[in-house]
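Here is how the chains run, residue by residue.
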Amino acid sequence: MQKPNPPSIYNIFRYFSCLPFFSAMTFILGLSLNSSYLLAAPHSITSPSCPSLPEIKHQPSTSQWIEIRQQLGAQLNYCLNDSAFFALYGASLLHSGLTAQSIEYLERALLLNPNNGSALIDYSEALYKSDQLLAAIQVNDQILSRHDLPEYLRVPLTERGKEWGNQRIEWQNKVSLASGYHDNLNGVANLKDLILTFDDRDIIVRLDENSRPIAGDYQTINASSQRSKLFDDGFSRFSVNVSSRTSELSRVDTDSVGLSYEKETLLVDGSFIWDLDSQYVFFGGKGLYLSSSSSASRYWRQERCSTYVTTEGRSLYFPDQPQSNEMALELQWGALCGPSNNQIDLSFSVAHNESLDHRPGGDRFIQELALQWKKSIGNGFLLSEISFSTTNDEKGYNPLLSNNEIRSVNTTNASVRFFYPLSKHLMLQSGLYYQGQDSNLSLFETQSKSADIGFTFSF
């Protein structure tokens, strides 16, 4: 007599909702090939009023899973203490496309019976489909660590774990193209005349058109490559970025090349993040400055809001303007509130900016209040930001400006951006931007508005 093939892995998974692993193993070994379903097994004795579970054919189709889901949904109130019922109901949700809902019911099955093997297997699959890769790997490893796991289950689960493990490292490349209009490409004050003080006399200097705001169109291109890696206790990210902005006013065109590294460590009550960043900026076709920075952030996870503290050190080196070289130390406090689809980030920061080579105005003290709101709208999301900052110099900026008065600057930045995915790899983006700057020295009173629209291609 021909020896029957082992029962399908799918049916074995299902029967695990009813038996511990060791007893399931004994039962499975006695099955014949004609056993077309295993889910019609007795369920928990703790819920005698719960109807028998439906018969499940080998590898049901999506439409069959929907029928099972509807049937079980009508019986839900009678099976509130039945782990096997919730395992099957969660599976029907998972395999009919309702992944988010399936997680809730599979977790209920595991609360009622932590040894429910079927629920564990489906739960890890649901986590994976919900982009919770690390959690999915951890649950899959938990299943593989069981000594009573049958070998013919161990093989596919091991292969699944290897496939998921290979996805710990991910490369993502992006290219963004945008076109817009800016009413102050050169970023200067809207002045016709500049008053200078010389030998206690005011001298009026008429400014030419090139020293006044020049409006025009601009185009931007940004290309980046990012390598992310998941660890058991966090992730790391390395990025390379190249960007360029060109316009009708070529002397203010800007290009940059940047490198950054970020690492997050998950903690019991939150996370710790540190990063390194370096960027070289070109202005008008010539090298302008090299910036370097490093920051460390501590987040505390709470029920409604996560609070955080960030400290950052940065430096700017100007090869052709050594008097502008600077170093800065910043301390920031903030809170993230709300779910990811409707989140508010409020922060306050103070910074000391130190001149390294007799910069006009000397050292600076900066304070900033910032608010960011991220809101999902349909398949897209809206990102709005506003910040208010004050900058005070340590000493007079220039003897020719208001008798060497100490400069103070108040700046308002605001933006509204919208992102909408057109496909898996293509996203539409648009934005409105505003910057207003007030100062006791008229030379530093500026205002600008801009808008752009473009696309980001990911691969």
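A quick note: this is a predicted structure, and the numbers were derived from the prediction, not measured. (Residues numbered from 1 in each chain as written. Predicted model: local features only at pLDDT ≥ 70, side-chain atom pairs only at ≥ 80, totals over all residues. Heavy atoms only, no water.)

(A) Seen up close, the overall build of the chain. In terms of regular secondary structure, the chain is built from eight helices and 16 strands. Among the 459 residues that make up the chain, the fraction classed as buried is 38%. Contacts in the chain between residues far apart in sequence, at least 24 positions, make up 54% of those at least 6 positions apart. When the accessible area of the chain is evaluated, it comes to approximately 25500 Å², of which 55% is carbon and sulfur surface. (Helix = DSSP H or I, 4+ residues; strand = E, 2+ residues; numbered from the N terminus. Buried < 20%, exposed > 50% of the residue type's maximum accessible area, 1.4 Å probe, protein only. Contact = heavy atoms within 4.5 Å. Areas by Shrake-Rupley, 256 points an atom, 1.4 Å probe, with all protein chains shown as cover.)

(B) Quick peek at the environment of Asp82. Inspection of the secondary structure puts Asp82 in the loop between helix H3 (62-74) and helix H4 (83-94). Among the residues examined, Asp82 registers a relative accessible area of 0% and is labelled buried. C-alpha separation for the pair Asp82 and Arg108, spaced 26 residues apart in sequence, amounts to 9.3 Å. There is a polar contact of 3.0 Å between the side chain of Asp82 and the backbone nitrogen of Ala84. For Asp82, the side chain forms a polar contact with the main-chain nitrogen of Phe85, separated by 3.0 Å. (Polar contact = N/O pair within 3.5 Å; in protein donor to acceptor, adjacent residues only side chain to side chain.)

(C) Seen up close, the pattern of salt bridges. Summed over all chains, the structure comprises 14 salt bridges. Salt-bridge contacts for Arg146 lead to Asp148; the nearest nitrogen and oxygen are separated by 3.5 Å. We note a salt bridge from Arg237 to Glu262, for which the minimum N-O separation is 2.9 Å. Residue Arg237 is found in strand S5 (residues 234-247), and its partner Glu262 is found in strand S6 (residues 254-267); the two are separated by 25 residues along the sequence. Using a relative accessible area of 24% as the deciding quantity, one classes Arg237 as partly exposed. Under the relative-accessibility criterion, Glu262 is labelled partly exposed at 23%. Linked by salt bridges that have partners in common, Glu312, Arg314 and Glu330 make up one network. (Salt bridge = Lys/Arg side-chain N within 4 Å of Asp/Glu carboxyl O.)

(D) Region of the structure containing the pairing of strand S8 (residues 286-300). Bridge count between strand S7 (residues 270-283) and S8: 14 bridges; the pairing is antiparallel. Bridge pairing links Asp277 to Ser293 in S8. The hairpin turn running from S7 into S8, its antiparallel successor, is two residues long, and Gly284 in that turn takes a positive phi close to 65 degrees. Sheet topology note: the S8/strand S9 (residues 305-317) ladder contains 11 bridges and is antiparallel. (Pairing = 2+ DSSP bridges.)

(E) How the structure looks around the nonpolar core. Ranked by internal contacts, the top residues of the largest apolar core, which has 38 residues, are Leu72, Phe85, Tyr89, Tyr123 and Ile143. Elements supplying a minimum of two residues to this core: H3, H4, helix H5 (99-112), helix H6 (117-129), helix H7 (133-144) and helix H8 (151-166). Apart from the residues lying within four places of it in its own chain, the contact partners of Tyr89 are Arg69, Leu72, Gly73, Leu76 and Tyr105. Listed in part, the seven residues of the second largest apolar core include Leu194, Leu401, Leu441 and Phe444. (Core = buried A, V, L, I, M, F, W, Y, C linked by side-chain atoms within 4.5 Å.)

(F) Representation of the state of the cysteines within the structure. Tallied over the full model, the rule gives two disulfides. Each sulfur of the disulfide joining Cys305 and Cys337 lies 1.9 Å from the other. On the sign convention where negative means left-handed, the S-S torsion of about 115 degrees between Cys305 and Cys337 marks this disulfide as right-handed. In this pair, Cys305 sits in strand S9 while Cys337 sits in strand S10 (residues 326-337), placing the two residues 32 residues apart along the sequence. Sequence-ordered numbering of the bonded cysteines in the chain gives a pairing of 1-2, 3-4. (Disulfide = S-S within 2.5 Å.)

(G) Region of the structure containing the packing of H3 against H4. Contact pair H3 / H4: the axes reach a minimum separation of 8 Å and the direction vectors enclose 140 degrees. Taken together, the axes of H3 and H4 lie oblique to each other. Of the two elements, H3 crosses H4, and the hand of that crossing is left-handed. For the pair H3 and H4, contact is made by Trp65, Ile68, Arg69, Leu72 and Gly73 and by Phe85, Leu88, Tyr89, Ala91, Ser92 and Leu93, respectively. Grouping the amino acids of the contact of H3 with H4 by side-chain chemistry returns eight nonpolar, two polar and one charged. (Axes fitted to C-alpha atoms, helices over the stretch in contact; angles between N-to-C directions. Parallel < 35°, antiparallel > 145°, perpendicular 65-115°, else oblique. Left-handed = near helix turned anticlockwise from the far one by under 90°. Nonpolar A, V, L, I, M, F, W, Y, C, P; charged D, E, K, R; others polar.)

(H) Fine view of the side chain of Ser384. By the secondary structure assignment, Ser384 is in strand S13 (residues 380-396). In this structure Ser384 touches Leu371, Gln372, Trp373, Ser415 and Val416, once residues within four positions along its chain are discounted.

(I) Molecular detail of a nonpolar patch on the surface. A cluster of nonpolar residues, Leu331, Trp333, Ile344, Leu346, Phe348, Leu369, Leu371, Trp373, Ile386 and Phe388, forms a patch on the protein surface that exposes about 840 Å² of accessible area. Elements supplying a minimum of two residues to the nonpolar patch: S10, strand S11 (342-355), strand S12 (364-377) and S13. Tracing the chain through its elements places Ile386 in strand S13. (Patch = residues over 30% accessible without salt bridge, like charges linked within 9 Å, V, L, I, M, F, W, Y side chains within 5 Å.)

(J) Quick peek at the packing of aromatic side chains. By the definition in use, this model includes 14 aromatic pairs. Taken together, a centroid distance of 6.3 Å and an interplanar angle of 15 degrees make the contact between Trp333 and Phe348 stacked. Placement of Trp333 in strand S10 and of Phe348 in strand S11 is noted, with a sequence separation of 15 residues between them. Its relative accessible area of 39% is what places Trp333 among the partly exposed residues. (Phe/Tyr/Trp six-rings, centres within 6.5 Å; stacked < 30°, edge-to-face > 60°.)

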